[in-house]
Amino acid sequence: MKYLITGGAGFIGSNFIHYLFDKYPEIEIINLDKLTYAGNLDNLKKFSAESGSASGGENYRYKFVKGDIADAELVNKLVRQVDVVVNFAAESHVDRSILDPAVFIKTNVLGTQVLLEAAHKNGKKRFHHVSTDEVYGSISLDSDEKWTEESPYQPRSLYSASKAASDHLVRAYFHTFGLPVTISNCANNLGPYMYPEKFISLAITNLLEGKKVPVYGEGKQVREWLHVEDHYVAIDLILEKGKVGETYFVGPPDEDRPNNLETIKKLLKIMNLPEDRIEFVKDRPGHDVKYAMNTSKIRKELGFTPKYSLDETLKKTVEWYQTNIEWWQKIKGSPEYKNYYDQQYAKR
Ligand code: NAD
Ligand code: TYD
């Protein structure tokens, strides 16, 4: 089986590539990634990094191509060579979508359409689209509502609006052209190679640097946190057993859901640090209050059970950042990161 993985140099895509190679000895992968600030070939050190190379040894089944999913000519050439397309490539951070919305539309909306068109035109390739729970909007804190796959889309951030548009395009290619698609809408991921701009990776690395954790507003917002391993196992299962045209939610086990402040307090406990390492900063504009998914469909229909509790997920993630200091220090020391951090946090 030959895969085109897009965005495979990012957080979740690189974890998925490691998993596929470990699990399927015969697999072949083309990784198409633009290497934006979030794309990092250090995540894939055990594979060959050179564009176009098919080097010997254990790497002959892996090829990295630096390029844009919105580049129709390149995408056509690559899609022609594979059986399956898994689309991870995206601009993925809400705060950056407030600073610069246009690139979210270019990659998440236009880029996805280019991929879909290529999959359609080159023999209706199996297409899996990786999406987010955020497209469903925001639930109020006093409500017990949980979204299902049938709930209406009500995105409220530039990021989630662009992801929602991409999901609609995926479904339109299914209904119009019969493209064999599936979509997964997943909760917030944690784990190895998470770029240190997201809440928990920023918190862990700031704490390891002796800095404080910036908590937006009063920290009352609620997220569902899933270990990335549970996410990529679910994607693999959807590719194997999922019904084309269908959408599957992927989320953590049923447990109490702490809010952001309580989650950081848990983290501080794990890291043996005092609560005065929390710093309340100005809230995010349009901050979604709560996400909550009913994940019974993937459990019942595909037999998926997430493996890790929140405590285990946080502990494993802390351990990874403690043992991979070089990886994140290189990012945090870069001019791009420093510039973003100043822009995002200096005046808060
Ligand atoms: P990430 O930001 O870590 O990585 C994105 C990757 O896509 C990077 O390697 C980047 O270089 C690449 N990329 C960006 N624009 C591109 C383009 N135009 N062409 C080719 N490559 C491009 O993101 P992530 O956290 O790994 O998320 C992967 C996918 O999962 C995204 O679609 C995101 O919406 C979705 N998702 C993420 C989470 C999460 O918690 N991180 C949760 C649910 C869904
Ligand atoms: P984030 O990791 O950006 O993911 P999401 O896409 O769900 O917004 O943020 C998770 C939550 O943490 C969200 O409610 C915003 C909050 N947050 C902070 O309080 N401080 C921060 O520095 C960041 C990045 C996020």
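This one's a predicted model, so the numbers in the text were calculated from it and none came from an experiment.

Colleague: Any chance you could explain the overall build of the protein chain here in plain terms?
Modeller: What the protein chain contains, in helices and strands, is 12 helices and 11 strands. Relative to the compact-globule value of 20 Å for 348 residues, the protein chain shows a C-alpha radius of gyration of 19 Å, a close match. Projected onto its principal axes, the C-alpha coordinates of the protein chain cover approximately 55 × 45 × 35 Å. Per-residue burial over the protein chain gives 58% buried out of 348 residues. When the accessible surface of the protein chain is split by element, carbon and sulfur atoms take 50% of a total near 14800 Å². When the 46 positive and 48 negative side-chain charges of the protein chain are each reduced to one mean point, those points stand 2 Å apart.

Colleague: Can you help me understand the nonpolar core in this one?
Modeller: Generally speaking, a soluble globular protein has its nonpolar side chains buried in company with each other. Formed by 57 residues in total, the largest nonpolar core has its most connected members in Y3, I5, F16, I29, V86, I264 and L267. In terms of residue count, the dominant contributor to this core is helix 1 (residues 11-23) (7 residues). Dropping the residues within four chain positions of it, Y3 is found in contact with L20, I27, E28, I29, I30, V82, V84, V86 and L239. One finds V85, L116, A118 and V181 within the second-largest nonpolar core, a separate group that totals 23 residues.

Colleague: Sorry, what's going on with the site of ligand 2 here?
Modeller: As a structural note, the neighbourhood of ligand 2 is formed by 20 residues, with E134, R223, R284, H287 and Y345 the closest of them. Interatomic distance of 2.6 Å between a side-chain N/O atom of E134 and an oxygen atom of ligand 2. In this structure, F199 approaches ligand 2 through a main-chain N or O atom, which is 2.9 Å from an oxygen atom. For ligand 2, the accessible surface in isolation is 510 Å², of which the surrounding protein chains cover 98%. Going through the elements one at a time, helix 3 (94-99), helix 6 (199-208) and strand 8 (213-216) are the ones with two or more residues in the shell around ligand 2. Ranked by residues supplied to the shell around ligand 2, first place goes to strand 8 with 3 residues. Of the residues that constitute the shell around ligand 2, the class distribution is 9 nonpolar, 5 polar and 6 charged.

Colleague: Where do I start with the sheet that holds strand 6 (residues 181-186) in this structure?
Modeller: Strand pairing within a sheet occurs via backbone hydrogen bonds; the two strands may be parallel or antiparallel. One open sheet accounts for 7 strands, arranged 3-2-1-4-5-6-10; its pairing is parallel. Either end of the sheet is taken by a strand with one partner, and the two such strands are strand 3 (62-66) and strand 10 (247-250). Direction aside, neighbouring strands of the sheet carry axes that sit 20 degrees apart on average. Inspection of the sheet shows strand 1 (residues 2-6) paired to strand 4 (residues 84-87) by 4 bridges, in the parallel sense. When the bridges of strand 4 are listed, T6 appears paired with N87. The sheet contacts of helix 4 (residues 102-121) involve strand 1, strand 4 and strand 5 (126-132), and relative to strand 5 the element is tilted by about 160 degrees. Each of strand 5, strand 6 and strand 10 is contacted by helix 5 (residues 158-177), which is oriented at about 155 degrees to strand 5, the strand it contacts most.

Colleague: Got a minute to help me understand helix 4 in this structure?
Modeller: The end-to-end C-alpha separation of helix 4 is 27 Å, in line with the 28 Å expected for 20 residues at 1.5 Å each. Inspection of helix 4 places F104, T107, N108, V109, G111, T112, V114, L115, L116, A118, A119 and H120 among the buried residues, and these make up the whole buried set. Residues of helix 4 that are buried sit in contact with strand 1, helix 2 (72-79), strand 4, helix 3, strand 5 and helix 5. Just past helix 4, the residue G123 takes up positive phi, approximately 90 degrees.

Colleague: Could you clarify how one ought to interpret the pattern of salt bridges in this entry?
Modeller: Pairing of side chains with opposite charge becomes possible as their charged atoms draw close. Overall, the coordinates contain 19 salt bridges when judged by the stated rule. D42 is the salt-bridge partner of K330, the closest N and O atoms lying 2.9 Å from each other. Of this pair, K330 sits in helix 11 (residues 325-332) while D42 sits in the loop between strand 2 (28-33) and strand 3, and the two are 288 residues apart along the sequence. The class of K330 is exposed, set by a relative accessible area of 56%.

Colleague: In this structure, what is going on with the packing of aromatic side chains? I would like to understand it.
Modeller: For any two aromatic rings, the description comes down to two numbers: the centre-to-centre distance and the angle of the planes. This model, assessed by the stated rule, comprises 21 aromatic pairs. A ring pair is formed by Y136 and Y153, whose centres lie 4.8 Å apart and whose planes are at 65 degrees; its orientation type is edge-to-face. Of this pair, Y136 sits in the loop between strand 5 and helix 5 while Y153 sits in the loop between strand 5 and helix 5, and the two are 17 residues apart along the sequence. What makes Y153 buried here is its relative accessible area of 17%. Through a chain of ring-to-ring contacts, the aromatic side chains of Y37, Y195, Y216, Y337, Y341 and Y345 assemble into a single cluster. Positioned over the ring face of Y37 is R96, at 3.5 Å from the centre of the ring. Here the basic side chain of R96 rests over the ring of Y340, its NZ or CZ set 4.0 Å away from the ring centre.

Here is what the cut-offs are and how they apply
Residues numbered from 1 in each chain as written. Chains lettered and ligands numbered in written order. Predicted model: local features only at pLDDT ≥ 70, side-chain atom pairs only at ≥ 80, totals over all residues. Heavy atoms only, no water. Helix = DSSP H or I, 4+ residues; strand = E, 2+ residues; numbered from the N terminus. Rg over C-alpha atoms; globule rule 2.2 N^0.38 Å. Buried < 20%, exposed > 50% of the residue type's maximum accessible area, 1.4 Å probe, protein only. Areas by Shrake-Rupley, 256 points an atom, 1.4 Å probe, with all protein chains shown as cover. Lys, Arg positive; Asp, Glu negative; His and termini not counted. Charge placed at Lys NZ, Arg CZ, Asp CG, Glu CD. Core = buried A, V, L, I, M, F, W, Y, C linked by side-chain atoms within 4.5 Å. Contact = heavy atoms within 4.5 Å. Near = heavy atom within 4 Å. Polar contact = N/O pair within 3.5 Å; in protein donor to acceptor, adjacent residues only side chain to side chain. Nonpolar A, V, L, I, M, F, W, Y, C, P; charged D, E, K, R; others polar. Pairing = 2+ DSSP bridges. Axes fitted to C-alpha atoms, helices over the stretch in contact; angles between N-to-C directions. Expected span 1.5 Å × (residues − 1). Salt bridge = Lys/Arg side-chain N within 4 Å of Asp/Glu carboxyl O. Phe/Tyr/Trp six-rings, centres within 6.5 Å; stacked < 30°, edge-to-face > 60°. Lys NZ or Arg CZ within 6 Å of the ring centre and 35° of its normal.

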